[in-house]
Amino acid sequence: MGTTTIAKPLNRFSEFLRLLRVSNSPTLISEVLCVFVLSGGVSIAQFVALLAMGLCLYLFGYATNDLFDLKWDRGHGNLRPLVLQTVSIQEATTLSIILLVSATLLFRSHVSAENGTAWSLFGTLVMLILAYNVLHKKSASYKLLMAGTRAFLALTIAEVVFSGIAQPARLY
């Protein structure tokens, strides 16, 4: 087995990491931890689920950002994985869907279906992520949208902690 056999999968994996901008995720981790602690969270399982949910949404945002920005990136010489075709549009779309579904299932694991406030916050957060991706190259309002995503992530986590549901809900 030559080095090229090993290098190809590693290079491909690194392209997915570039697409998802994983190196930026520590800011999310610190935000989730701060909100969780300040909201009075004590359940490690709940913290892990909320952190994983937040991370899935964060990565969903970056993957969809590259999908929405593909034409702009091509026109401006931005050497992102989709422009270089090291990750296909279909792969990025599939990955985006998987991340959003995973985030939703993780959220559902700690929020009852009856908690309309939490679900409204979660839905608004997803819409803000998508709105940011659609508008950030077209409008100065992108700064407000980015601030909104951070605020609604914090509000969503705080609502889950405040709701007092320490036992995971059934997924079925």
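The rules behind these values
Residues numbered from 1 in each chain as written. Predicted model: local features only at pLDDT ≥ 70, side-chain atom pairs only at ≥ 80, totals over all residues. Heavy atoms only, no water. Axes fitted to C-alpha atoms, helices over the stretch in contact; angles between N-to-C directions. Helix = DSSP H or I, 4+ residues; strand = E, 2+ residues; numbered from the N terminus. Parallel < 35°, antiparallel > 145°, perpendicular 65-115°, else oblique. Left-handed = near helix turned anticlockwise from the far one by under 90°. Contact = heavy atoms within 4.5 Å. Expected span 1.5 Å × (residues − 1). Buried < 20%, exposed > 50% of the residue type's maximum accessible area, 1.4 Å probe, protein only. Arc of directions from axis to C-beta. pLDDT = per-residue confidence, 0-100. Lys, Arg positive; Asp, Glu negative; His and termini not counted. Salt bridge = Lys/Arg side-chain N within 4 Å of Asp/Glu carboxyl O. Polar contact = N/O pair within 3.5 Å; in protein donor to acceptor, adjacent residues only side chain to side chain.

1. Some details on the packing of helix 3 (residues 44-68) against helix 6 (residues 89-108)
Inference 1: Direction vectors running N to C along helix 3 and helix 6 enclose 155°, while the axes themselves pass 8 Å from each other. In terms of orientation, helix 3 lies roughly antiparallel with respect to helix 6. The two elements helix 3 and helix 6 cross, and the hand of that crossing is left-handed. Of the residues in helix 6, those touching helix 3 at A49, A52, M53, C56, L57, L59, F60, A63, T64 and L67 are I89, A92, T93, S96, L99, L100, S102, A103, L106 and F107.

2. Here's the deal with helix 6
Inference 1: Between its first and last C-alpha atoms helix 6 spans 28 Å; for 20 residues at 1.5 Å apiece the expected length is 28 Å, and the two agree.
Inference 2: Considered for burial, the residues of helix 6 that qualify are A92, L95, S96, L99, A103 and F107. Viewed end-on, helix 6 has its buried residues packed into an arc of 105°, placing them on one side of the element. In this structure, helix 6 carries Q90 and I97 as exposed residues pointing more than 90 degrees from its buried face.

3. What to know about unusual backbone geometry
Inference 1: Positive phi, normally seen in glycine, also occurs at R21, with a value near 50°.
Inference 2: Judged by its relative accessible area of 19%, R21 is buried.
Inference 3: The backbone of Q85 sits at a positive phi, close to 60°, despite the residue not being glycine.
Inference 4: Inspection of the secondary structure puts Q85 in the loop between helix 5 (81-84) and helix 6.

4. Details of the confidence of the model for the protein
Inference 1: Summarising the model, the protein shows a mean pLDDT of 89, and 89% of its residues fall at 70 or more.
Inference 2: Per-element confidence in the protein is highest for helix 6, whose mean pLDDT is 97, and lowest for helix 1 (residues 3-20), whose mean pLDDT is 73.
Inference 3: The model gives residues 1-7 a pLDDT under 50, and that stretch makes one contact with residues more than four places away or in other chains.

5. Examining the side chain of E159
Inference 1: Relative to the elements of secondary structure, E159 occurs in helix 8 (residues 142-162).
Inference 2: Despite its burial, E159 pairs with no opposite charge, the nearest such side chain being R108 at 13 Å.
Inference 3: Among the polar contacts listed, one links the side chain of E159 to the side chain of N115, at a separation of 3.3 Å.
Inference 4: Filtering out sequence-adjacent residues up to four positions away, E159 remains in contact with N115, T117, A118 and L121.

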